[in-house]
Amino acid sequence: LGLLGDPANIPLFLSLTEQAQFGGAAALALQAMTGAALIETVFVPDEIEEDELFEAEKEQVKQGKPLDRGDGRPFGVNVTRLSQDPRSWNDWWRAHKDQFVPGVRYRNGAPACPARLIDALTAESTPHPLRQYCSEELAIRYGNDFGIETDMPVPNQYARLSEAATWSRSGRFAEGAWYFGGFPAR
């Protein structure tokens, strides 16, 4: 639904950020449509393999006490990611919802078009799954497969993205309109 870019789905995604199992996917969908770039740094604890623990550590885990590295710091890493904080997304949406017109498709906070997809493909901050979807969307929605694979060598990606950027400036596709296979869908 996030790839459709319909702002009517944003309230659904906002509600899904409140559920741990859907928070990441909801944040990715919100980012795809809004371009809000709400970033957070969170601590992700290491998975505990109980069969690798000493007896004293197993007892500590049973008592609900966190394991640490010996210096008081827990095992794990800080990760920077799209925010999954429902409050951040709700605050952002309240401040910006008037910028989104019902019935118009959005990508990165602006009416969707091939150029927006190419912008997302070239932006370093675009999450890898979203880059893959943008590449596929060029082919499916706009009917032009440039053979952009997000795991191909960067110079090859740049060459194909350059070709796609030139093509996207043709003016053939109206911003925010719905297309499938290069033809209007509505």
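All figures in this text were calculated on a predicted structure; none of them were measured in a lab. (Residues numbered from 1 in each chain as written. Predicted model: local features only at pLDDT ≥ 70, side-chain atom pairs only at ≥ 80, totals over all residues. Heavy atoms only, no water.)

Quick notes on the packing of helix H5 (residues 114-122) against helix H7 (residues 154-168)
Heads up, the rule is: Orientation is described by lines fitted to C-alpha atoms, with helices fitted over the stretch in contact, and by angles between N-to-C directions that extend from 0 to 180 degrees. Helix and strand assignments follow DSSP, with helices taken as H or I runs no shorter than four residues and strands as E runs no shorter than two, numbered in order from the N terminus. Convention used here: angles under 35 degrees read as roughly parallel, angles over 145 as roughly antiparallel, angles from 65 to 115 as roughly perpendicular, and any remaining angle as oblique. Working rule for handedness: look at the near helix, and if it is turned counterclockwise from the far one by less than a right angle, call the crossing left-handed; if clockwise, right-handed. Contacts between residues were defined by any pair of non-hydrogen atoms, one from each residue, lying within 4.5 Å. The residue classification treats Ala, Val, Leu, Ile, Met, Phe, Trp, Tyr, Cys and Pro as nonpolar and Asp, Glu, Lys and Arg as charged. All others, Gly included, are polar.
Relative orientation of the contacting elements H5 and H7 amounts to 155°, with a least axis distance of 9 Å. Taken together, the axis directions place H5 and H7 in an arrangement best described as roughly antiparallel. For the pair H5 and H7, the sense of crossing is left-handed. Mapping the contact onto sequence places Pro114, Ala115, Ile118, Leu121 and Thr122 in H5 and Leu161, Ala164, Ala165, Trp167 and Ser168 in H7. A class-by-class count of the residues in the contact of H5 with H7 yields eight nonpolar, two polar and no charged.

Looking at helix H6 (residues 128-142)
For clarity, the threshold we go by: Residue count minus one, scaled by 1.5 Å, sets the expected span of a helix. Consider a residue and the seven residues that end there alongside the seven that start there; fitting an axis to each set, the bend is the angle between those axes. Partly exposed describes any residue whose relative accessible area lies between the buried limit of under 20% and the exposed limit of over 50%, with all areas from a 1.4 Å probe on protein chains only and scaled to the type maximum.
Compared with an ideal rise of 1.5 Å per residue, which puts 15 residues at 21 Å, H6 spans 21 Å between its outermost C-alpha atoms and is within 8% of the ideal. When the local axis directions of H6 are compared, the greatest deviation, roughly 30°, occurs at Glu136. Residues Leu130, Arg131, Cys134, Ser135, Glu137, Leu138, Arg141 and Tyr142 constitute the buried set of H6. For H6, the elements touching its buried residues are helix H2 (23-34), strand E3 (106-107), H5, H7 and strand E5 (179-180). A positive backbone phi angle near 70° is found at Gly143, which sits one or two residues after H6.

As for the packing of H5 against H6
One can describe the packing of H5 onto H6 by two numbers: an axis separation of 9 Å at closest approach and a directional angle of 155°. Taken together, the axes of H5 and H6 are roughly antiparallel relative to one another. Crossing hand, H5 versus H6: left-handed. Packed against H5, whose contacting residues are Pro114, Leu117, Ile118, Ala120 and Leu121, the element H6 presents Arg131, Cys134, Ser135, Glu137, Leu138 and Tyr142 at the interface.

Looking at the environment of Asn90
The criterion, for reference: For the purposes of these results, a polar contact is taken to be a pair of N or O atoms within 3.5 Å, where, inside protein, one atom must be able to donate a hydrogen and its partner to accept one; residues adjacent in sequence count only when each atom of the pair is a side-chain atom.
Within the fold, Asn90 resides in helix H4 (residues 86-96). Each C-alpha atom of the pair Asn90 and Ser15 lies 9.1 Å from the other, and the pair is 75 residues apart in sequence. Leaving out residues up to four positions away in the same chain, Asn90 has contacts with Leu14 and Glu18. A polar side-chain atom of Asn90 sits 2.8 Å from the main-chain carbonyl oxygen of Pro86.

Here we look at the packing of aromatic side chains
Here is the rule we go by: Only rings of Phe, Tyr and Trp enter the pairing, Trp through its six-membered ring, and a pair is recorded when the two centres are within 6.5 Å. The plane angle decides the type: under 30 degrees is stacked, over 60 is edge-to-face, the rest tilted.
All told, the structure shown has eight aromatic pairs when counted by the stated rule. Considering the side-chain rings of Tyr142 and Phe173, the 4.9 Å spacing of their centres and the 75° angle between planes classify their relative orientation as edge-to-face. Placement of Tyr142 in helix H6 and of Phe173 in the loop between H7 and E5 is noted, with a sequence separation of 31 residues between them. Summarising the burial analysis for this pair, Tyr142 and Phe173 share the class buried.

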